[in-house]
Amino acid sequence: MVDSTHVTPAQFPLPEEDDPSRRDVIMIAAGGFAAVGLGLGLWPLLDMMNPDQSALSMATTEVDLAPVAEGQAITVMWRGKPIFIRHRTKKEIEEAQTVPLDDLPDPLARNANLPEDAPATDENRAGKNREPWLVMIGICTHLGCIPKGQAIGDPKGDYDGWFCPCHGSQYDSAGRVRKGPAPQNMAIPPYAFLSDTKVEIG
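What you see is a predicted model; the values in this text were computed from it and never measured.

> Sorry if this is basic, but what is going on with the environment of Val135 here?
By the secondary structure assignment, Val135 is in strand S4 (residues 133–137). For Val135, a relative accessible area of 0% puts it in the buried group. For the pair Val135 and Gly175, spaced 40 residues apart in sequence, the C-alpha separation works out to 9.2 Å.

Shown next, in the form of C-alpha cells:
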C-alpha cells in the first residue's frame, strides 16, 4: 500500500524566487501609473486656482474722464481695488504744491510709475503734465479702510483731501497722509493717459 501522506519534492516543486529585473519593471510601472493618477487628480484643483477670464480682463482698465468736471471725483475698480480719480481744483493743487516735504509723515511718493525713492511732491503724485488729475488706490494705509472724500458732502478732513473715519487718518489733496495713524501715503497705481480724456490703469 502506498502512503498517501508522503509527498516528494518532485511532485510539488517549491516556487522559485521572483526575478529581480521583473520586479523592478513592475515597481516602475506602478509608480508611473500612480504619478499620472495624482497629476490627473490635482489638475482640476490647480486649474481652479488660475484667474478666470473676467479677472484677466481686469488687468487693465480704461476710464473716460470727459464727464468728470473740475472739483468732481469718481471711483472705479481695478483688480478688486477702488481707484480714486479726482479732477482737482486750482485751490486743491496750490494747497498740495505749497506743503513743505518736511511736514509730511511719509516723504515718499509711493507712485508705481516712479522710482521707489521719489519724493512725495505734488508733481510726483499727480499725472505728469496733467496736474489736475490725481489717480490713486483708495485704501487707507492704516488698516485697509476706504476713506471718505469722493462723494459730494463727504468729510475731507483738514486738508481738502480724504478722511478715514475708522481711526481718523487724514490725507491732503495729493493723497498724502497728514494726520492720524496711517503710516504711508495712499498708493499710486501704474497708469498712463491715452489721450486728454482717457486713462488706462494697470
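> Explain the side chain of Arg176 here, please?
Tracing the sequence through the fold places Arg176 in the loop between strand S6 (170–171) and strand S7 (177–179). Classification of Arg176 as buried rests on a relative accessible area of 0%. Separated by 2.8 Å, the side chain of Arg176 and the backbone oxygen of Ala96 make a polar contact. Sequence-distant contacts of Arg176, that is, excluding residues within four places in its chain, are made with Ala96, Val99, Leu104, Ala120, Thr121, Asp122, Arg125, Gln170, Tyr171 and Asn185.

> Could you clarify how one ought to interpret the sheet that holds strand S5 (residues 162–163) in this entry?
Consider a sheet: its strands pair through backbone hydrogen bonds, and that pairing is either parallel or antiparallel. Spatially, S5-S6-S7 is the arrangement adopted by the three strands of the open sheet, whose pairing is antiparallel. Strand pairing shows two members of the sheet lacking a second neighbour, S5 and S7, which therefore form its edges. Two elements, S5 and S6, share two bridges in a ladder whose sense is antiparallel. Residue Phe163 lies in a different strand from S6, and its bridge partner there is Gln170.

> Is there a simple way to think about the packing of aromatic side chains in this case?
Any two aromatic rings considered together are summarised by their centre-to-centre distance and by the angle between their planes. A full pass over the atoms with the stated rule returns two aromatic pairs. On the numbers, 6.2 Å between centres and 15° between planes, the contact of Phe84 with Trp162 is stacked. With Phe84 in strand S3 (residues 81–87) and Trp162 in strand S5, this pair connects stretches of sequence that are 78 residues apart. With a relative accessible area of 0%, Trp162 lands in the buried category. Ring geometry for Tyr191 versus Phe193: centroids 6.1 Å apart, planes at 75°, classification edge-to-face. Overall, the relative accessible area of 12% leaves Tyr191 in the buried class. Judged by its relative accessible area of 18%, Phe193 falls in the buried class. If you follow Arg86 out to its NZ or CZ, it ends over the ring of Trp162, 3.9 Å from the centre.

The rules behind each value
- Residues numbered from 1 in each chain as written.
- Predicted model: local features only at pLDDT ≥ 70, side-chain atom pairs only at ≥ 80, totals over all residues.
- Heavy atoms only, no water.
- Helix = DSSP H or I, 4+ residues; strand = E, 2+ residues; numbered from the N terminus.
- Buried < 20%, exposed > 50% of the residue type's maximum accessible area, 1.4 Å probe, protein only.
- Polar contact = N/O pair within 3.5 Å; in protein donor to acceptor, adjacent residues only side chain to side chain.
- Contact = heavy atoms within 4.5 Å.
- Pairing = 2+ DSSP bridges.
- Phe/Tyr/Trp six-rings, centres within 6.5 Å; stacked < 30°, edge-to-face > 60°.
- Lys NZ or Arg CZ within 6 Å of the ring centre and 35° of its normal.

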